[in-house]
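# Summary of structural features
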Amino acid sequence: MRPLSGKIANIAPSATMSIAAQAKALQAKGIDVISLSLGEPDFDTPAHITEAAIAALRSGKTHYAPGRGIPELLSAIAEKTTRENNSPCTSDQVIVTCGAKSAIHQSCEAVLNAGDEAIILDPSWVSYEPCVQIAGGKPVHVPLSDKNFQPDERLAEAITAKTRMIIVNSPSNPSGSVLERDSLKMIADLCIDHDLIAVSDEIYEKLIYSKVHHSLGAFADMSERTITVNGFSKAYAMTGWRLGYAVAPADILKQMDTFQQHTTSQATTFAMYGAVAALTGSQDCVHEMRDEFRRRRDNVLLGLSDIGLETCPADGAFYTFINVQGDDMLVTSEWLEKGRVAVTPGFAFNAPGWVRMSYAASQEQLDTAIERISALYT
Ligand SMILES: Cc1ncc(COP(=O)(O)O)c(C=O)c1O
């Protein structure tokens, strides 16, 4: 075997993508599988956003743009962050990236040196650990309380002299839970006391149903140590556009900018014009999609509770996290093979014993999925 990078070879492929691929393979054989494994809105990108990108393409916006992003988008993001996130922000604090995923990777590359520890709160999104590892850092997993999915004393206990970063995600993928203000205050205090950088992934902030979203960067003395990550994929159904962004302190932003210059160069020029329309146009489309997700969430929660399955409070994002009280891999394969419903096992999120079901699918598909799962339990 020829020698290849051990750094990558040691990273497991994305479990969410491989389950979705298994479901697709069964579908290709003509088997009617309902795939509730991917984190992707099933809505089309709103027309005014698509039209703005088409107009940009037609008017020749097909060349390189400034590395951090077109000025119109940088200022729209700065205004949005100031207005909605209670965090005064100017254009020079913003970088537009190829998806929020790239902003998270860049944050790790910008901050971590070899062996620096980055705390990840579990259950956690599948790509945090690989982003830390690719940047040479050491992921340190700390569980949230499995009663209310908030951090507890184990977070402070996990901090060592090597800790450099805490990655926070609210609303959460996979659990759909939302961090309370007190939990974020506790995280902020720890960051200040131990001189840590926080990466606050707020990509699901607009998809929140029964709680209030608080931005970590808005807490006193946190703007100088918080990288706020956000994007367009979830709120505006723009997953394939690959557009995200980060708001970061000047020294970190400079590092991210240098990294981006030598890797992707920039986000796609004409796509950024669509993002300007997303942020500056009417937000009715976001509210309509959120209200539809809320309806589906309510139905799915009711259906799962009728089956007798316990779920984590689904306050945000578009996932229910189900406590299967057993081997999540076994349950996932049984649901796929016998029930023809694809969901993601909790092990992918460092949460064995749970499975994640996305409700970003039509109500009809969700109803059928609940019927099929119910049949497995009767
Ligand atoms: C918590 C979380 N952060 C970041 C991302 C990445 O989003 P993007 O599509 O903008 O790269 C995702 C996508 O699934 C996510 O669930």
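See the structure shown above.
All of these numbers come straight from a predicted model, not from anything done at the bench.

With mixed pairing, seven strands are arranged side by side in an open sheet as 2-8-7-6-5-3-4. The outermost strands of the open sheet, each flanked by one partner alone, are strand 2 (94–97) and strand 4 (138–143). Adjacent strand axes in the sheet meet at a mean angle of 20 degrees, parallel and antiparallel pairs treated alike. Pairing of strand 5 (residues 163–169) with strand 6 (residues 197–201), which is carried by five bridges, proceeds in the parallel orientation. Bridging across to strand 6, Met 165 finds its partner in Ile 197. Running at roughly 160 degrees to strand 7 (residues 226–231), helix 5 (residues 99–111) makes contact with strand 2, strand 5, strand 6, strand 7 and strand 8 (244–247) of the sheet.

The next thing to look at is the site of the ligand. Among the 14 residues in the neighbourhood of the ligand, the closest are listed as Ala 100, Asn 173, Asp 201, Lys 234 and Arg 242. Ala 100 is positioned such that a nitrogen or oxygen atom in its backbone is 2.7 Å from an oxygen atom of the ligand. One of the side-chain nitrogen or oxygen atoms of Tyr 204 is found 2.9 Å away from an oxygen atom of the ligand. Summarising the interface, the protein chains cover 92% of the accessible area of the ligand, which totals 400 Å² for the free molecule. The element that contributes the greatest number of residues to the shell around the ligand is helix 5, accounting for four residues. Taken together, the residues of the shell around the ligand break down into six nonpolar, four polar and four charged.

This part is about the environment of Ser 75. Here Ser 75 shows up in helix 4 (residues 71–84). Under the relative-accessibility criterion, Ser 75 is labelled partly exposed at 28%. At 3.4 Å, the side chain of Ser 75 and the backbone oxygen of Glu 72 are in polar contact.

Here we take up the sheet that holds strand 12 (residues 344–345). Judged by pairing direction, the sheet is antiparallel, and its four strands sit side by side in the order 9-10-13-12 without closing on themselves. This sheet does not close on itself; its edge strands, each paired only once, are strand 9 (310–311) and strand 12. When strand 12 meets strand 13 (residues 354–358), the two strands line up antiparallel, connected through two bridges. Among the inter-strand pairings, Thr 344 is bridged to a residue of strand 13, identified as Arg 356. Against the sheet, helix 11 (residues 284–307) makes contact with strand 9, strand 10 (319–323) and strand 13, and its axis sits at roughly 10 degrees relative to strand 10, the strand it touches most. Packing against the sheet, helix 12 (residues 328–337) makes contact with strand 10, strand 12 and strand 13, and its axis sits at approximately 40 degrees to strand 13.

Tallying each qualifying case throughout the model produces three cavities of 30 Å³ or more. Lining of the largest cavity is provided by 15 residues; of these, Ser 87, Ser 223, Thr 226, Thr 228 and Val 247 occupy positions nearest its centre. Counted by class, the lining of the largest cavity contains six nonpolar, nine polar and no charged residues. Counted as a void, the second largest cavity has a volume near 120 Å³. The element best represented in the lining of the second largest cavity is strand 5, accounting for three residues. Taken together, the residues that form the lining of the second largest cavity break down as eleven nonpolar, six polar and no charged.

Conventions we followed
- Residues numbered from 1 in each chain as written.
- Predicted model: local features only at pLDDT ≥ 70, side-chain atom pairs only at ≥ 80, totals over all residues.
- Heavy atoms only, no water.
- Pairing = 2+ DSSP bridges.
- Helix = DSSP H or I, 4+ residues; strand = E, 2+ residues; numbered from the N terminus.
- Axes fitted to C-alpha atoms, helices over the stretch in contact; angles between N-to-C directions.
- Contact = heavy atoms within 4.5 Å.
- Near = heavy atom within 4 Å.
- Polar contact = N/O pair within 3.5 Å; in protein donor to acceptor, adjacent residues only side chain to side chain.
- Areas by Shrake-Rupley, 256 points an atom, 1.4 Å probe, with all protein chains shown as cover.
- Nonpolar A, V, L, I, M, F, W, Y, C, P; charged D, E, K, R; others polar.
- Buried < 20%, exposed > 50% of the residue type's maximum accessible area, 1.4 Å probe, protein only.
- 1 Å grid on protein atoms, 1.4 Å probe; cavity = no way out; pocket = protein on both sides within 12 Å on 5 of 7 lines; lining within 4 Å.
- Points joined across faces, edges and corners; volume = space filled by probe spheres on them.

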